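If you want the building blocks of each chain, they are given just below.
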Amino acid sequence: MGEEKKSLLNIHSYAGLAKERGESGHLYHPDSAEPSPMVQMALTEKFLDLCRANSLWPMTFGLACCAIEMMCLGMARFDMSRYGFEVFRPSPRQCDLMIVAGTVNKKMAPAVITLYEQMAAPRYVIAMGNCAISGGPFATAENYNVVLGVDTLIPVDVYVPGCPPRPEGLLEGFFKLQEKITGQRYPFPQFRPPKDKA
Ligand code: SF4
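If you're wondering where the values come from, they're calculated on a predicted model, not measured in any experiment.

> When you look at the sheet that holds strand 2 (residues 124-128) in this model, what are you seeing that I'm missing?
Working definition: the strands of a sheet are paired by backbone hydrogen bonds and lie parallel or antiparallel to each other. Ordered in space as 1-2-3, the three strands form an open sheet in which the pairing is parallel. Each edge of the sheet is formed by a strand with only one pairing partner; in this case those strands are strand 1 (97-101) and strand 3 (158-160). Neighbouring strand axes in the sheet, compared pairwise and without regard to direction, differ in orientation by 20° on average. Bridging between strand 2 and strand 3 involves three bridges; their strand directions are parallel. Residue Ala 127 lies in a different strand from strand 3, and its bridge partner there is Tyr 159. Seen against the sheet, helix 7 (residues 167-182) touches strand 2 and strand 3 and runs at an angle of roughly 165° to strand 3.

This is the structure we're talking about:
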């Protein structure tokens, strides 16, 4: 237990793992699923999923230019708080969503895995922008230091393509994630036509 705790705090302990996963070029799937609760009740789970989907807490975490678009989503014009996605948390232990916004280079890869491991479960990942999805404009033979897709390091739930994607694109990624968690897309009040025009 002590050893396990220590390794969760030590980025360098993930260096070998990051190298192995990054160089395999395969999508990363966890060997074993997250342990499920001993007692499960379908209705309670459904209710909890509804709560989770409508109060996603992202981590304060940006890697490159895509992070600027991500920040825009939190500002007044787009205001992601309207949908319950709320404030970016300063610690991975308070988050359940990682938005990988930017280029993941091989030096950063162990830190990305460490932060993911420190997040509370159930946890979700959005790969934002072409760099996070596939290396983007840096996926060239000459560029030896870019991870060709963060999904080789950690499991990704939603991909938001673009270089960079606009804030609306990321917002759509959030809606897709909500759909994935609850199995339905929410008709948000502001998207409903007025009653007299319906
Ligand atoms: S996808 Fe484009 S905008 Fe986003 S981090 Fe890469 S180069 Fe920058």
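Read on, since the account is not over.
> Can you walk me through the pairing of strand 1 in this structure?
Counting buried positions over the five residues of strand 1 gives five, a clear majority of the element. Covered by surrounding structure in strand 1 are Leu 97, Ile 99 and Ala 101 together with Met 98 and Val 100, the residues of both alternating faces. Note: strand 1 against strand 2, five bridges, orientation parallel. Counterpart to Leu 97 in the pairing with strand 2 is Tyr 124.

> Explain the nonpolar core to me, please; I cannot follow it from the model alone.
For soluble globular proteins, the rule of thumb is that nonpolar side chains tend to be buried together. Ranked by internal contacts, the top residues of the largest apolar core, which has 44 residues, are Val 100, Ala 127, Met 128 and Val 150. When contributions to this core are tallied by element, the ones reaching two or more residues are helix 4 (66-74), strand 1, helix 5 (109-118), strand 2, helix 6 (129-134), strand 3 and helix 7.

> Explain the confidence of the model for the protein to me, please; I cannot follow it from the model alone.
Should the pLDDT be low somewhere, the predicted coordinates at that spot are not to be read in detail. Per-residue confidence for the protein averages 84 on the pLDDT scale, and 85% of its residues sit at or above 70. Across the protein, strand 3 holds the top mean pLDDT of 96, while helix 1 (residues 2-9) sits lowest at 55.

> How should I be thinking about the packing of helix 3 (residues 42-53) against helix 7 in this particular structure?
Axis angle and axis distance: for two packed helices, these are the angle between their axes and the distance between the axes, and together they describe the pair. Here helix 3 crosses helix 7 at 170°, and the two axes come no closer than 9 Å. In terms of orientation, helix 3 and helix 7 fall into the roughly antiparallel class. On the side of helix 3, the interface is formed by Asp 49, Leu 50, Arg 52 and Ala 53, while helix 7 contributes Gln 178, Ile 181 and Thr 182. Taken together, the residues of the contact of helix 3 with helix 7 sort by class into three nonpolar, two polar and two charged.

What counts as what
Residues numbered from 1 in each chain as written. Predicted model: local features only at pLDDT ≥ 70, side-chain atom pairs only at ≥ 80, totals over all residues. Pairing = 2+ DSSP bridges. Helix = DSSP H or I, 4+ residues; strand = E, 2+ residues; numbered from the N terminus. Axes fitted to C-alpha atoms, helices over the stretch in contact; angles between N-to-C directions. Contact = placed C-beta atoms within 7 Å. Buried ≥ 20, exposed ≤ 12 C-beta atoms within 10 Å, placed from the backbone. Core = buried A, V, L, I, M, F, W, Y, C linked by C-beta atoms within 7 Å. pLDDT = per-residue confidence, 0-100. Parallel < 35°, antiparallel > 145°, perpendicular 65-115°, else oblique. Nonpolar A, V, L, I, M, F, W, Y, C, P; charged D, E, K, R; others polar.

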